[in-house]
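Chain and residue survey
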Amino acid sequence: MATDLKYRRILLKLSGEGLMGPKESGLDPETVDRICAEIEDVQALGTQVSLVIGAGNIFRGMTGPSFGIERTSADYMGMLATVMNALAVQSVLEGKGVPTRVQSAIPMATVCEPFIRRRAMRHMQKGRVVIFAAGTGNPFFTTDTAAALRAVEMECDALLKGTQVDGVYDADPKTTKSARRFERLSYNDVLTRDLRVMDTPAIALARENGVPILVFSIHNPGGLREVVHGQGKYTLIEG
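First, a word on what this report is: a plain description of the structure on this page. (Residues numbered from 1 in each chain as written. Predicted model: local features only at pLDDT ≥ 70, side-chain atom pairs only at ≥ 80, totals over all residues. Heavy atoms only, no water.)

1. Description of the pattern of salt bridges
Taken as a whole and judged by the stated rule, the model has 13 salt bridges. For Lys96, the salt bridge goes to Asp33, with nearest N and O atoms at 2.9 Å. Separated by 63 residues along the polypeptide, Lys96 in the loop between α2 (71-95) and β3 (100-104) and Asp33 in helix α1 (residues 29-44) bring together distant segments of the chain. When its relative accessible area of 37% is taken as the criterion, Asp33 is described as partly exposed. (Salt bridge = Lys/Arg side-chain N within 4 Å of Asp/Glu carboxyl O. Helix = DSSP H or I, 4+ residues; strand = E, 2+ residues; numbered from the N terminus. Buried < 20%, exposed > 50% of the residue type's maximum accessible area, 1.4 Å probe, protein only.)

2. Quick notes on α1
Between the first and last C-alpha of α1 there are 22 Å, a value that for 16 residues agrees with the 22 Å anticipated at 1.5 Å per step. If you check which residues of α1 are buried, you get Thr31, Val32, Ile35, Cys36, Glu38, Ile39, Val42 and Gln43. End-on, the buried residues of α1 take up no more than an arc of 150°, which puts them together on one face. Counted as exposed and oriented over 90 degrees from the buried face of α1: Pro29, Glu30 and Ala44. Elements that come into contact with the buried residues of α1 comprise β1 (9-14), β2 (48-53), α2, β5 (129-133) and α7 (223-228). Once α1 finishes, Gly46 follows within two positions and takes phi at roughly 110°, a positive value. (Expected span 1.5 Å × (residues − 1). Arc of directions from axis to C-beta. Contact = heavy atoms within 4.5 Å.)

3. Remarks on the pairing of β3
Looking along a regular strand, one sees side chains alternate from face to face of the sheet. Of all the 5 residues making up β3, 4 are buried; the element is thus mostly covered by neighbouring parts of the structure. Both β3 and β5 contribute to a ladder of 5 bridges, which runs parallel. When the sheet's bridge partners are listed, Ser104 is paired in β5 with Ala133. Bridge count between β3 and strand β4 (residues 113-114): 2 bridges; the pairing is parallel. Looking at β4, one finds that Gln103 is bridged to Glu113. (Pairing = 2+ DSSP bridges.)

Here's what the structure looks like:
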């Protein structure tokens, strides 16, 4: 029931790596299907859902210069890769009967809609999942910043960052057994401790507009449903 939800309108930020599963690059069909099933589940509860998906599974703009590609072109290549991921997730969601729209910050009318804020809001109000692709449409800005920007523009109750671990730790939990998970952090804590949950512009945007950030594991079955109810394991960043 929508009345039980703590966060009724959300933006879910997924990394491209989160779609790879056990693969070294590209998309893992089982992983994409499971994540889409989680999105279908919370959308059926009455949650208004939007997404921003990275492209680290296909191409990272930051790595472009090492191949002799100048940074601006490399970043645009990364933006185009996010459109590929967005279209893949759209197809899987619609295969599950979830109406979905892709809006790109770089207009490409043949494959998706251009980003129009009021149209995106209307889609969400009608129960459609909206996937925002191509980042902010500008080089030198990450998909984390795009996620924070779209969360503010869509007046979301929260920005949910689905990661490989169940929150923010004081050290890498994969290599440090004594790593401690934070239950709650302030925006300033993240910046001053250089915790690198999201980049500085993203944290600053969320702080200036009062959008809470919840960091949780996208690989924990049922985790997204728990988070929209304010339950489960996650790190809350606010205040």
